[in-house]
Amino acid sequence: MPERFTTESRGLAAGLGGLVEAAMELTVVPSFTRLGYAVRSRLGGWTALDRYDLTDRVVLLTGGTSGLGAAAAVALAKAGAAVIITGRDTARTEAARQRLSAETGVDLPPSIAADMADRDAVQRLADEVLARFDRLDVLVHNAGALSADRSENADGIESTVASQVVGPFQLTTLLDERLRATAALTGRPSRVLTMTSGGMYTAPLAVGSLQMSIDDYKGAVQYARAKRAQVVLAEMHAARHGSPRSIVFHSVHPGWADTPGVAGSLPLFDKVLGPALRTPAEGADCLVWLAACDDEPLHSSGLFWHDREPRDTHRLPQTSRSDTSATRDSLWEWVEAAATSGK
């Protein structure tokens, strides 16, 4: 085929892909469902995850017992990484490790039980990782669930915020030095990745109202507020680490995936969209790619990703207006205090 026609065909395909992408981003449903994954993976010519080699790399993945976390653990382990999974319950977490080891044919490192809402448990988790592993290439914050009922941790912090905002901040701080040392050893930045949710698009950035009271508590709203805070904190970590980067920070949302958490917390949503929901592996794809790929994810820091592309963090004017420097600084100060001394 003449080169002119090859070039024109590629240009036409790229232009068509851009139009399809723009249309999906405008209308949330195609973008977040398995249709978005199918179209983007084909038009984008994605490298299959099993093409990446993560031999010798150590990954700590919180919430790895089921759903997106388990799917990510499988993909990372198959690529050769030593994947440490955590969960709240010791027996369930170890059973998940054995199940995932059997599924992958890889003997995963011993699991570690830790409730990310418990400051003492997070400290013990960090201590154990530091004692057992002399390197840490990737830290994945995946733990967290949408709860219909309000509860608090021992410090009086609402449990969703404690486990998905305060706990990850604390763990990142405790493992910062090991992540930096690994970057110096390998010659490439280490990574801190946060699995968030597209639900954060509905939530403004809040500090004083970040924790909902028992009177106005709605699980889905509380979850969205925590996820918004996660995205902002990833951006702030990236800015504060500066350049040259020894650690890159990214957040990612999986779209709408068919997981036990969705089925249990949002049964009507699960029933209506069931056939269109992504598989856990499809939902975890971008997270695993961010952990494995040594190109685009390492050239930037603090971005919000979906389907292997950085995305805007705001879709609504009210959430954009809430995202001010003063509110960000207040969020950082509050989380830092909560992570070190409790409420």
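Relevant structure appears above.
The present account deals with the structure reproduced in this document. (Residues numbered from 1 in each chain as written. Predicted model: local features only at pLDDT ≥ 70, side-chain atom pairs only at ≥ 80, totals over all residues. Heavy atoms only, no water.)

### Side note on the side chain of R308
No. 1: Position of R308 among the secondary structure elements: in the loop between strand 7 (303-306) and strand 8 (309-310).
No. 2: Take R308: its relative accessible area is 7%, and that puts it in the buried class.
No. 3: A polar contact is formed between the side chain of R308 and the backbone oxygen of T47, at a distance of 2.9 Å.
No. 4: Contact partners of R308, with chain neighbours within four places excluded, come to W46, T47, L49, Y52, D285, C286 and W289. (Helix = DSSP H or I, 4+ residues; strand = E, 2+ residues; numbered from the N terminus. Buried < 20%, exposed > 50% of the residue type's maximum accessible area, 1.4 Å probe, protein only. Polar contact = N/O pair within 3.5 Å; in protein donor to acceptor, adjacent residues only side chain to side chain. Contact = heavy atoms within 4.5 Å.)

### A closer look at helix 13 (residues 325-341)
No. 1: Here helix 13 contains 17 residues, and its C-alpha end-to-end distance of 24 Å stays within 8% of the 24 Å for a straight helix at 1.5 Å per residue.
No. 2: What helix 13 keeps buried is the set T327, R328, L331, W332, V335, A338 and A339. Looking down the long axis of helix 13, one finds its buried residues gathered within 140° of arc, a one-sided arrangement. Along helix 13, exposed side chains directed more than 90 degrees from the buried face belong to S325, A326, E333, T340 and S341. (Expected span 1.5 Å × (residues − 1). Arc of directions from axis to C-beta.)

### With respect to the sheet that holds strand 2 (residues 82-87)
No. 1: Taken in spatial order, the 8 strands line up as 3-2-1-4-5-6-7-8 in an open sheet, and their pairing is mixed. Two strands close off the open sheet at either side, each with one partner strand: strand 3 (112-113) and strand 8.
No. 2: One ladder, built from 3 bridges, connects strand 6 (residues 247-252) with strand 7; its direction is parallel. From the neighbouring strand, S251 faces strand 7, where its bridge partner is F304.
No. 3: Running at roughly 160° to strand 6, helix 8 (residues 219-241) makes contact with strand 5 (190-195), strand 6 and strand 7 of the sheet. (Pairing = 2+ DSSP bridges. Axes fitted to C-alpha atoms, helices over the stretch in contact; angles between N-to-C directions.)

### Points about the environment of R132
No. 1: Mapped onto the elements of the fold, R132 is located in helix 6 (residues 119-132).
No. 2: Using a relative accessible area of 32% as the deciding quantity, one classes R132 as partly exposed.
No. 3: Sequence separation of R132 and C293 is 161 residues, and the distance between their C-alpha atoms is 25 Å.
No. 4: Apart from residues lying up to four places away in sequence, R132 is in contact with I84, P109, P110, S111 and I112.
No. 5: At 2.8 Å, the side chain of R132 and the backbone oxygen of P110 are in polar contact.
No. 6: Here E128 takes part through its side chain, which lies 2.8 Å from a polar atom of the side chain of R132.

### Describing unusual backbone geometry
No. 1: A positive phi angle, near 50°, is found at D307, a position not held by glycine.
No. 2: Within the secondary structure, D307 is located in the loop between strand 7 and strand 8.

### Comments concerning the nonpolar core
No. 1: Counting 37 residues, the largest nonpolar core has L76, V83, I85 and W289 as the members making the most contacts within it.
No. 2: When contributions to this core are tallied by element, the ones reaching two or more residues are strand 1 (58-61), helix 4 (67-78), strand 2, helix 5 (90-104), strand 4 (138-141), strand 5 and helix 11 (280-292).
No. 3: Residue contacts for W289: discarding those within four places in its chain leaves L49, Y52, E296, P297, W305 and R308.
No. 4: Core analysis: the next-biggest nonpolar cluster, separate from the first, contains 21 residues, I112, A114, V122 and I247 among them. (Core = buried A, V, L, I, M, F, W, Y, C linked by side-chain atoms within 4.5 Å.)

### Observations regarding the pairing of strand 5
No. 1: For strand 5, the tally of buried residues reaches 6 of 6 residues, placing the bulk of the element in the interior.
No. 2: Side chains S190, V192 and T194 project from strand 5 onto one buried face, and the interleaved R191, L193 and M195 project onto a second face that is buried too.
No. 3: As defined by bridge partners, strand 4 adjoins strand 5 across 4 bridges and the pair is classed as parallel. Paired with V138 across the strands is R191, a residue of strand 5.
No. 4: Handedness of the crossover is the feature at issue here: the chain leaves strand 4, passes through helix 7 (residues 159-186), returns alongside strand 5, and the resulting connection is right-handed.
No. 5: Pairing geometry for strand 5 and strand 6, over 6 bridges, is parallel. Within the sheet, the bridge partner assigned to R191 lies in strand 6 and is V248. (Right-handed = clockwise from strand over helix to strand, strands pointing away.)

### Observations regarding the packing of aromatic side chains
No. 1: Counting across every chain of the model gives 5 aromatic pairs.
No. 2: On the numbers, 5.3 Å between centres and 85° between planes, the contact of F32 with W256 is edge-to-face. Of the two residues, F32 sits in helix 2 (residues 28-32) while W256 sits in the loop between strand 6 and helix 9 (260-265), which places them 224 residues apart along the sequence.
No. 3: Geometrically, the ring pair formed by F169 and W332 is edge-to-face, given 4.9 Å between the ring centres and 80° between the ring planes. Highlighted residues: F169 in helix 7 and W332 in helix 13, separated in sequence by 163 residues.
No. 4: Residue classification places W332 among the buried positions, given a relative accessible area of 8%.
No. 5: Sitting above the plane of the W332 ring, R240 keeps its charged end 4.1 Å from the centroid.
No. 6: Here the guanidinium or amino end of R315 rests over the ring plane of Y201, the centre of that ring lying 4.7 Å away. (Phe/Tyr/Trp six-rings, centres within 6.5 Å; stacked < 30°, edge-to-face > 60°. Lys NZ or Arg CZ within 6 Å of the ring centre and 35° of its normal.)

### Regarding the packing of helix 7 against helix 8
No. 1: Two numbers describe how helix 7 lies on helix 8: the axes approach to 9 Å, and their chain directions differ by 20°. As summarised for this structure, helix 7 and helix 8 are arranged roughly parallel, according to the angle between their axes. Crossing angle aside, the handedness with which helix 7 passes helix 8 is right-handed. When helix 7 is examined against helix 8, the residues T160, V161, Q164, V165, F169, T172, D176 and R180 are found in contact with a partner set consisting of Q222, Y223, A226, K227, A229, Q230, L233, H237 and H241.
No. 2: Grouping the amino acids of the contact of helix 7 with helix 8 by side-chain chemistry returns 7 nonpolar, 7 polar and 3 charged. (Parallel < 35°, antiparallel > 145°, perpendicular 65-115°, else oblique. Left-handed = near helix turned anticlockwise from the far one by under 90°. Nonpolar A, V, L, I, M, F, W, Y, C, P; charged D, E, K, R; others polar.)

As far as function goes, none of this settles anything; it's purely spatial.
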